[in-house]
Amino acid sequence: MNSGTAKLQRTIFIASFIVPTLLFFGVFTIYPTLQALYYSFFDWSGMSQHKEFIGLDNFVNLFKDPIIWRAIGNDYFLVLGKIIGIMILATFFAVALTRFNFKLASFFRSTFFIPNIISVVVIGVLWNFIYNPQIGFLNSFLSLFTKEQVTITWLGFQHHTIWMLLPPAIWAGIGFYMLLLIAAIQNIPESYYEAASLEGSSQWHQFWTITLPLIWEQMKVSILNIMMTTLNGSFVIVWIMTEGGPDNTTQVMGSYLYQMAFRQYHFGFASAIGVLILVLSLVTTVILQRLMRQETVELG
Amino acid sequence: MNLGIRNPFIKFICYAILIVWCISVIYPLIWTMMDALKDNQQFFFKKPWALPEFPLLWENFSYVWSTYNFDRYFMNSIVITTVSTTLGLLLAAMTAYVLARYKFRGSNALYLLYISSMMVPFVLALIPLFFLMNSLHLTNTWYGLSMVYASSVLAFGIFVLVGFFKGLPKELEEAATVDGAGYYGTFFKVMLPLSQPGLITVAIINVLNIWNEYIVGTILINDPEQYTLPVEIGIMQAEMQYRTEWGPLFAALMFTIVPILIVYIIFQRQIASGITAGAVK
């Protein structure tokens with residue numbers, strides 16, 4: 001009897017701590033996510049109550065749409081560019097700020113994280129100003145070296161405008177991964193480096209034989225994370241800087257979803273784009289994990 | 001015995017790269033401040049890096065504050081960030097504590113549900129969320145947006161706090177139980193105060209994310225009375241095509257950046273530990 005009450009009390013306690021959170025999460029996160037999968041099978045303008053079930057037609061149309069292929073290409077261009085740019089710079093900064101005995105290392109570390117705390121809208125506005133054809137930084141700077149005023153519309157090329165979105169994306173992303181790698185390097189016992197130094201091994205050699213193998217796990221996490229956040233979230237900066245233009249050349253999947261849903265009211269089609277983003281990010285995760293499946297050195 | 005770099009040339013190159021990057025981070029902040037004090041004349045006829053001319057146009061700030069209603073947006077952002085951070089933290093801490101300390105049927109599955117949800121792109125849920133909020137009459141309300149934000153930070157909070165609670169010694173709870181504190185007393189009077197460092201870390205990271213959030217805010221809020229700062233900045237910059245008010249635009253950016261910069265300067269350490277909490281294990 002007594003143990004029965006105790007058990008009941010325990011159950012009530014657990015339920016009272018689990019259920020509110022789960023309800024909240026269910027209503028505002030799980031339910032909309034599942035609903036999106038459901039919408040992707042319908043033709044729906046959003047305004048009317050009427051949804052027409054069209055099976056896989058949204059997906060068929062999606063793959064016939066040349067814009068989605070360009071968007072996928074742009075997405076993976078950003079993924080690749082960001083992985084290369086961020087990983088090289090973040091690793092360099094992390095090593096330089098931990099292993100090189102620089103003065104001011106902690107100042108640099110705090111400063112380099114600042115872009116990560118600034119809203120992506122603000123970053124978009126700042127970089128738009130850098131690229132502004134009339135009054136922007138870049139053209140004014142180039143004009144110092146030319147006779148005539150430079151008036152390049154940096155965000156209006158017919159091809160390759162997506163390249164212009166890479167610098168802001170890298171600039172804004174580095175701090176986070178740098179902190180991650182710094183923490184990983186600080187976890188490496190100092191004695192490893194001491195032994196290597198006694199044998200006369202150079203910094204460069206130590207980086208390849210000690211640091212890199214021991215932070216490889218965190219580098220993998222970083223690469224996967226860059227890929228996921230890019231496929232899922234890079235559209236915000238694209239939307240603010242170019243709205244996918246000119247002529248849909250900088251469209252990424254997320255921005256195309258946004259445009260299809262909230263500008264053109266093809267909610268079913270847009271949901272299909274969302275499903276595509278989900279599928280591609282899961283598939284890419286699996287592929288990248290396979291590619292990077294190298295022996296990880298465990299710290300004993 | 002870390003001797004650092006000895007070759008002076010390589011050392012110079014490394015320093016140069018660090019300093020260039022440092023400038024690329026700090027300079028935009030300085031130039032945002034300077035440009036917030038200029039009039040349109042200076043934008044069109046002077047170099048963008050020119051110092052603002054005297055008299056400095058401090059009016060740009062008061063102009064944005066009152067004419068552009070930034071007083072309102074600022075308050076909206078503060079209220080929404082505070083409410084959703086508090087709510088999200090409490091809900092996450094409760095579940096995290098139970099998941100860390102009690103085994104029950106489905107506890108593992110529940111943990112996995114929250115963790116795996118971090119893999120699902122949020123943009124997928126955006127469309128149904130809009131219609132859901134509409135039918136619940138929660139669009140264009142500060143509490144509606146706060147609830148969505150609170151929900152969006154749950155998974156991260158649970159992830160970090162489960163690890164944190166697991167790291168706390170069990171003896172303290174046992175002592176509390178012996179002293180006659182019930183389940184709830186143990187949690188609120190013993191565990192919550194003990195886990196303050198973890199809670200602060202999660203709270204600060206949530207504050208950063210929510211204060212800066214743009215896309216959900218744009219979709220769920222159409223009423224200008226209810227805009228948050230990032231939503232209004234997005235609108236302001238789109239309007240720049242028709243009305244050129246560069247000075248006020250940069251003043252508006254300052255209103256968004258400065259509060260979060262202050263938070264960052266105060267809580268740097270917690271932010272860094274929050275970021276590395278999950279990844280380095």
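None of these values were measured; they are calculated from a predicted model. (Residues numbered from 1 in each chain as written. Chains lettered and ligands numbered in written order. Predicted model: local features only at pLDDT ≥ 70, side-chain atom pairs only at ≥ 80, totals over all residues. Heavy atoms only, no water.)

A. Representation of the environment of Ile26 of chain B. Topologically, Ile26 of chain B is positioned in helix α1 (residues 8–35). The residues touching Ile26 of chain B, leaving out its near neighbours within four places in the chain, are Phe107 and Thr111 of chain A. (Helix = DSSP H or I, 4+ residues; strand = E, 2+ residues; numbered from the N terminus. Contact = heavy atoms within 4.5 Å.)

B. Quick peek at the packing of aromatic side chains. All names here are of chain A. Under the defined criterion, the tally for this structure stands at 70 aromatic pairs over all chains. For the pair Trp44 and Phe267, a centre-to-centre distance of 5.9 Å together with 50° between the ring planes defines the contact as tilted. With a gap of 223 residues between them, Trp44 in the loop between β1 (42–43) and β2 (52–53) and Phe267 in helix α13 (residues 267–291) connect regions that are remote in the sequence. The same class applies to Trp44 as to Phe267, namely buried. Taking the ring centre of Trp44 as reference, the NZ or CZ of Lys51 above it sits at 4.6 Å. Its end group placed over the ring of Tyr193, Arg99 keeps NZ or CZ at 3.4 Å from the ring centre. (Phe/Tyr/Trp six-rings, centres within 6.5 Å; stacked < 30°, edge-to-face > 60°. Buried < 20%, exposed > 50% of the residue type's maximum accessible area, 1.4 Å probe, protein only. Lys NZ or Arg CZ within 6 Å of the ring centre and 35° of its normal.)

C. The arrangement of helix α3 (residues 66–99) of chain A in detail. All names here are of chain A. Between its first and last C-alpha atoms α3 spans 49 Å; for 34 residues at 1.5 Å apiece the expected length is 50 Å, and the two agree. You can read the cap of α3 off the contacts: a side-chain oxygen lies 2.9 Å from the backbone nitrogen of Ile67, and it is on Asp65. Of the residues one or two after α3, Asn101 is the one with positive phi, at around 55°. (Expected span 1.5 Å × (residues − 1). Polar contact = N/O pair within 3.5 Å; in protein donor to acceptor, adjacent residues only side chain to side chain.)

D. Structural context of empty space enclosed by the protein. All names here are of chain B. Considering all chains together, one arrives at 1 cavity of 30 Å³ or more under this definition. Approximately 50 Å³ is the volume attributed to the largest cavity. Those elements that provide at least two residues to the lining of the largest cavity are α4 (70–101) and α11 (196–212). No other element matches α4, which puts 3 residues into the lining of the largest cavity. Classifying every residue of the lining of the largest cavity gives 5 nonpolar, 3 polar and 1 charged. (1 Å grid on protein atoms, 1.4 Å probe; cavity = no way out; pocket = protein on both sides within 12 Å on 5 of 7 lines; lining within 4 Å. Points joined across faces, edges and corners; volume = space filled by probe spheres on them. Nonpolar A, V, L, I, M, F, W, Y, C, P; charged D, E, K, R; others polar.)

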